[in-house]
Amino acid sequence: GDSVTQMEGPVTLSEEAFLTINCTYTATGYPSLFWYVQYPGEGLQLLLKATKADDKGSNKGFEATYRKETTSFHLEKGSVQVSDSAVYFCALRVRTSGSRLTFGEGTQLTVNP
Amino acid sequence: GAVVSQHPSWVICKSGTSVKIECRSLDFQATTMFWYRQFPKQSLMLMATSNEGSKATYEQGVEKDKFLINHASLTLSTLTVTSAHPEDSSFYICSARDSGQSTDTQYFGPGTRLTVL
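These remarks concern the structure in this document. Everything quoted here is computed from the prediction, not taken from an experiment. Sequence order sets the numbering: in each chain, residues are counted from 1 along the sequence as written. Each chain takes a letter, starting from A, and each ligand takes a number, starting from 1, following the order in which they are written. Where local features are concerned, this predicted model is filtered to residues with pLDDT of at least 70; where side-chain atom pairs are given and counted, the filter is 80 or more; whole-chain, interface and lining totals use all residues. For side-chain calculations, the full set of non-hydrogen atoms in the structure is used, while hydrogens and water are omitted.

**Re the overall build of chain A**
Right, on to step 1. Helical segments are the DSSP runs of H or I of at least four residues, strand segments are the runs of E of at least two, and each set is numbered from the N terminus. Check the secondary structure of chain A and you find zero helices and twelve strands.
Right, on to step 2. Reading the secondary structure of chain A in the N-to-C direction produces β-β-β-β-β-β-β-β-β-β-β-β.
Right, on to step 3. The globule rule is 2.2 Å times the number of residues to the power 0.38, and the radius of gyration it is compared with is taken over C-alpha atoms. A compact globule built from 113 residues would reach a C-alpha radius of gyration of about 13 Å, and chain A, at 13 Å, matches this within 12%.
Right, on to step 4. Any residue under 20% of the maximum accessible area for its type is buried, any over 50% is exposed, and the rest in between are partly exposed; the area is computed with a 1.4 Å probe on protein chains only. For chain A, the proportion of its 113 residues judged to be buried stands at 44%.
Right, on to step 5. Intrachain contacts of chain A at a sequence separation of at least 6 include 56% that bridge at least 24 residues.
Right, on to step 6. Roughly 5,200 Å² of accessible area belongs to chain A as shown, and the carbon and sulfur atoms make up 47% of that amount.
Right, on to step 7. Under the convention used here, Asp and Glu are negative, Lys and Arg are positive, and both His and the chain ends fall outside the count. To locate a charge, take NZ of a lysine, CZ of an arginine, CG of an aspartate or CD of a glutamate. Each charge sign in chain A was given a centre, from 10 positive and 12 negative side chains, and these centres are 11 Å apart. Two residues qualify as a contact provided that any one of their heavy atoms is within 4.5 Å of a heavy atom in the partner residue. With residues, only the protein chains shown are counted as cover, and all accessible areas are computed by Shrake-Rupley using a 1.4 Å probe.

Here's what the structure looks like:
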C-alpha cells in the first residue's frame, strides 16, 4: 500500500540555521506530494505541493523537489525563524484515491532565538 | 483563507458514554469531509470519508457502529464515538474538501482531544 516515511524528530535548530526534513514515499500509482504544517493550536495548513517528477514546490522560503528516482520529497529552508516552529507533515495523494491523503508521522521543529 | 472549525476542542468523558464531535466548514461548501485519528507522535490515520447526503466510507479496521458519521449538510459533519472506552482516547481531526476547487484542496480543523476515563 501507499506510505510516507519522515525523519524522526524532534528537530531543534538555532535561528537562521539550514533546515532539512527528509521524506520518502511508497506509492502504487503516480502520486502528488505535499508538505503540511501545523502550528500550535491550529489545524494543518498546506505549505507546498508538487504534482509531477522534478517539480519544485515552494512557499514562505520552504522548498521541496519531487524526486521520482529516489522517491523523495525533502523539505528545505535556508534560514529558519522562530516562527517556523511547528509540526511538519509530508503526505501523498494517488490520483486513483480521489482526495484521500496518506501522511507521514510528522516532525516537530523547534527554532530557538 | 478557508476555515474549518471543530467543536469541542477537547472533551473528557466517562467510559460507556457517547461523545459527538462537530466539524464545520465556515466559508465554503464541502461535499466531502474526512475524519482522521492521531496518536501521540504518530501519523494521521484516515478513519472515514464523509459524503454529504450519503453513507460514510470507512477504512479497513474502523468500526462503523462505534464511530458514527453523519454529513447532513454541505457545511457540517459529525463524528459520534459511541460507548467510548479508554482506548478511544485520541486526537480526532477533520478536513473538508472545497467543492469549488480542485481535489487537492483540503482544509483541516484544529482537532478535538478526547480523553475517556
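**Describing the packing of aromatic side chains**
Right, on to step 1. Centres within 6.5 Å make a pair out of two Phe, Tyr or Trp rings, where for Trp the six-membered ring is used; the pair is then stacked when the planes are under 30 degrees apart, edge-to-face when over 60, and tilted otherwise. Going through the model one piece at a time under the given rule, you end up with twelve aromatic pairs over all chains.
Right, on to step 2. Seen from their ring centres, Tyr36(B) and Phe108(B) are 5.9 Å apart, and the 35° between their planes marks the pair as tilted. Separated by 72 residues along the polypeptide, Tyr36(B) in strand β4 (residues 32-38) and Phe108(B) in strand β10 (residues 106-108) bring together distant segments of the chain.
Right, on to step 3. Among the aromatic residues, ring-to-ring pairing joins Phe34(A), Tyr36(A), Phe89(A), Phe103(A), Tyr36(B) and Phe108(B) into one connected group.
Right, on to step 4. A ring is considered to have a charge above it if a Lys NZ or an Arg CZ atom is located within 6 Å of its centre and within 35 degrees of its normal. The ring of Tyr30(A) carries the charged tip of Lys68(A) above its face, separated from the ring centre by 4.8 Å.

**Brief notes about the interface of chain A and chain B**
As a measure of interface size, the accessible area lost when the parts come together is often cited.
Right, on to step 1. Across the boundary between the two partners, chain A contributes 18 residues, which contact 19 residues of chain B.
Right, on to step 2. Accessible surface is computed with a 1.4 Å probe, and the buried area is the amount of it that two parts give up when combined, taken over both parts together. Around 1,400 Å² of area is buried between chain A and chain B when both sides are counted, 50% of it from carbon and sulfur atoms.
Right, on to step 3. Broken down residue by residue, the surface that chain A buries against chain B is led by Ser99(A), Arg100(A) and Phe103(A), which jointly contribute 35%.
Right, on to step 4. Should a side-chain nitrogen of Lys or Arg be within 4 Å of a carboxyl oxygen of Asp or Glu, the pair is scored as a salt bridge. Inspection of the chain A/chain B interface yields one salt bridge.

**Comments concerning the pattern of salt bridges**
Opposite charge on two side chains permits them to pair, given that their charged atoms come into close proximity.
All names here are of chain A.
Right, on to step 1. Inspection of every chain in the model, using the stated rule, returns six salt bridges over all chains.
Right, on to step 2. Between aspartate 55 and lysine 52 there is a salt bridge, with the nearest N and O atoms lying 3.4 Å from each other.
Right, on to step 3. One salt bridge connects glutamate 63 with lysine 56, and the closest N-O pair in it is separated by 3.6 Å.
Right, on to step 4. Here glutamate 63 falls in the partly exposed class, since its relative accessible area comes to 34%.

**What to know about the side chain of Asp98(B)**
Right, on to step 1. Within the secondary structure, Asp98(B) is located in the loop between β9 (90-97) and β10.
Right, on to step 2. Not counting the four nearest positions on each side in its chain, Asp98(B) is found in contact with Phe28(B), Gln29(B), Thr105(B) and Tyr107(B).

**Details of the sheet that holds strand β1 (residues 4-7) of chain B**
All names here are of chain B.
Right, on to step 1. By the convention used here, strands pair only if DSSP detects at least 2 bridges between them. Taken in spatial order, the four strands of this open sheet run β1-β3-β8-β7, and their pairing is antiparallel. Two strands in the sheet have a free side with no partner beyond their single neighbour: β1 and β7 (67-73). Across the sheet, the mean angle separating the axes of adjacent strands is 15° when strand polarity is ignored. Here an angle of 0 to 180 degrees is reported between the N-to-C directions of two axes, which are lines fitted to C-alpha atoms, with helices fitted over the stretch in contact.

**Concerning the environment of Thr107(A)**
Residues and elements named next belong to chain A.
Right, on to step 1. Here threonine 107 lies in strand β12 (residues 107-112).
Right, on to step 2. On a C-alpha basis, the gap between threonine 107 and phenylalanine 89 in space is 6.6 Å, while along the polypeptide they are 18 residues apart.
Right, on to step 3. For threonine 107, the residues in contact, after removing those within four places along its chain, are Gln6, Met7, Gly9, Val11, Ile21, Ala86, Val87 and Tyr88.
Right, on to step 4. Counting of polar contacts relies on pairs of N or O atoms within 3.5 Å, with two restrictions inside protein: one atom must be capable of donating a hydrogen and the other of accepting it, and residues adjacent in sequence are counted only when both atoms are side-chain atoms. Within polar-contact distance, the side chain of threonine 107 engages the backbone oxygen of methionine 7 at 3.0 Å.

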